[in-house]
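Residue-level listing of the chains:
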Amino acid sequence: MLLGFFILLIGVGTVLLLLPGARAGGGRAPFLDALFTATSAATGTGLIVQDTATYWSFTGQKVILGLLQVGGLGVLIGSTMLLLLIARKVSTEERFLLKEFTGVGSPRGMVLLILGVALYAFLAQLAGSYLLASRLAATMPQDQAWWLGIFHASSAFNNAGFETMGLGNYLPDTWVQLTLAGLSLLGALSFIIIIDLIRGLFLRPLALDTKLVFVTTALLLAGGMVAILATEANNPQTLGPLPFPQKILSAFFHSTTARTTGLTTANVGAFANPTLLVIIALMFIGGSSGSTAGGIKVNTFALLGAAVWSFVRGRRQVTALGTDVHEEQVLRALAIAFLSVVLVFGITLALSFTEKATLLAQLFETVSAFSTTGFSMGLTPSLSQTGKLLITFAMFVGRVGPVTIAFALSLRGRPSRYVYAEEAINVG
């Protein structure tokens, strides 16, 4: 159903963007450009082959807004449902905890959860739209300010990365940057985690998943900010000309948006190689499971880190923050990460045959597409026809792939009828 939903959404979006009224100045957009843009919007990526503000008319921009809005809500609800189904297959104790954790123990509870997800998305974007519009209204008409506020609040919360203000050409004020960064963080958190945080306000213990997501997210944000600040503070093409407080804010902004939002206030193509590698890592990890963010997910990355740390300490059981983790979940995380690496490597290899660009630019664009981030070093607008299809495929698989793989692996979790002989393998 999740796969079919996105295929249908992309198909409808492509048809709407092919209409003459969707392109500024009249005429029809090329099919591949319409397909690429519809896929980018529906999957919440933000990579573009044509400038959103100038190439697409107001009607076309409304189609893009609708696609990223429906796609974001669809993945919030769809991935939440799949995660609940995955969790139901672990044990009786965890099924009980799941019911206590989310209130989903009946069809009525499922309906309430879906309504809660929709309400959370609506309120977050409404607040963000108001904050942005009230700030922008000081320099432009009210109706234009509200349109830009709604569009960019939706783009930030849904981790889409589409923008029509030309953020890369000028530096927005502090309020706008903090609002966009805050919406990006809210979109990168799943509704299940939000529920747990609300319960935590009433002195109920937080779930391990929530604690892992918050600890890992804080480390990634701080580490990314420090790395970007250290490598770009003196770069005259990026953060160099800014006052020091603005350098800190810009480094924080890009560390936040690198985790699948893709909004930028600097020329990404002018970043130093160390910065680009840090951003690639942040994009590949992404946000939390069940959110609008892409990537392999913070939960997966944290679980793999816990497994490595437990092995280094000589423990047979994987533990995270003082709690044991099921071996099946560790293996699932390993499978997701491995398959993601293979996919990124394969598409990058294919791009190396079809595109005339540096290997770093090809890898950057591939990871950006797979993680549904939307950062670009400038390669996307000049992609060949084959390159556009490859990146389109990466965006689609990156959106529906990890959670679908996780669900498929959980369905295969059944006791084996055979016991094979053990044999040692040389490792290291």
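Residues numbered from 1 in each chain as written. Predicted model: local features only at pLDDT ≥ 70, side-chain atom pairs only at ≥ 80, totals over all residues. Heavy atoms only, no water.

Across its full length, the chain holds 16 helices and two strands. Taken over 428 residues, the chain has a buried fraction of 52%. In the chain, 71% of the contacts between residues at least 6 apart in sequence involve partners at least 24 apart. Accessible surface, the chain as shown: approximately 19900 Å² in total, 68% of it carbon and sulfur. (Helix = DSSP H or I, 4+ residues; strand = E, 2+ residues; numbered from the N terminus. Buried < 20%, exposed > 50% of the residue type's maximum accessible area, 1.4 Å probe, protein only. Contact = heavy atoms within 4.5 Å. Areas by Shrake-Rupley, 256 points an atom, 1.4 Å probe, with all protein chains shown as cover.)

Ranked by size, the top nonpolar core spans 75 residues in total, and within it L17, I64, L180, F364 and I391 carry the most contacts. Excluding its chain neighbours within four sequence positions, the residues that come into contact with I64 are L17, T37, A41, T52, W56, F151 and F162. Core analysis: the second largest hydrophobic core is formed by 14 residues, V117, Y120, F191 and I195 among them. (Core = buried A, V, L, I, M, F, W, Y, C linked by side-chain atoms within 4.5 Å.)

Turning to helix α13 (residues 298–312), a few remarks are in order. With 15 residues, α13 ought to run about 21 Å at 1.5 Å a step, and its terminal C-alpha atoms sit 21 Å apart, in line with that. Inspection of α13 places V298, N299, T300, A302, L303, L304, A306, A307 and S310 among the buried residues, and these make up the whole buried set. Looking at the packing, one finds that the buried side of α13 touches α10 (208–232), α12 (273–285), β1 (319–320) and α14 (327–354). Just past α13, the residue G314 takes up positive phi, approximately 80°. (Expected span 1.5 Å × (residues − 1).)

Take a nonpolar patch on the surface next. On the surface, L8, V12, L16 and L19 cluster together into a nonpolar patch covering about 340 Å² of accessible area. Mapped onto the elements, L19 comes out in the loop between α1 (2–18) and α2 (31–42). (Patch = residues over 30% accessible without salt bridge, like charges linked within 9 Å, V, L, I, M, F, W, Y side chains within 5 Å. Salt bridge = Lys/Arg side-chain N within 4 Å of Asp/Glu carboxyl O.)

Before going further, it helps to spend a moment on the packing of helix α9 (residues 191–200) against α10. It is the contact of α9 with α10, at a shortest axis distance of 10 Å, that shows an interaxial angle of 105°. What the angle tells us is that α9 and α10 run roughly perpendicular. Two secondary-structure elements touch here, α9 through I193, D196 and L197 and α10 through D209, T210, V213 and F214. Class assignment of the residues belonging to the contact of α9 with α10 gives a composition of four nonpolar, one polar and two charged. (Axes fitted to C-alpha atoms, helices over the stretch in contact; angles between N-to-C directions. Parallel < 35°, antiparallel > 145°, perpendicular 65-115°, else oblique. Nonpolar A, V, L, I, M, F, W, Y, C, P; charged D, E, K, R; others polar.)

This next bit is on the environment of V325. In this structure, V325 sits in the loop between β2 (323–324) and α14. In sequence terms V325 and L208 are 117 residues apart; their C-alpha atoms lie 9.4 Å from each other. Beyond its immediate sequence surroundings of up to four residues, V325 is in contact with L208, L303, Q317, V318, A320 and V330.

Glancing now at the packing of helix α8 (residues 174–187) against helix α11 (residues 244–257). It is the contact of α8 with α11, at a shortest axis distance of 9 Å, that shows an interaxial angle of 25°. Of the possible angle classes, the one that applies to α8 and α11 is roughly parallel. In the crossing of α8 with α11, the sense of the turn from one axis to the other is left-handed. For the pair formed by α8 and α11, the contact residues are T174, Q177, L178, L180, A181, S184 and L185 on the first element and Q246, L249, S250, F252, F253, T256 and T257 on the second. Across the contact of α8 with α11, the residue classes break down as seven nonpolar, seven polar and no charged. (Left-handed = near helix turned anticlockwise from the far one by under 90°.)

Keep in mind these values describe shape, not function.
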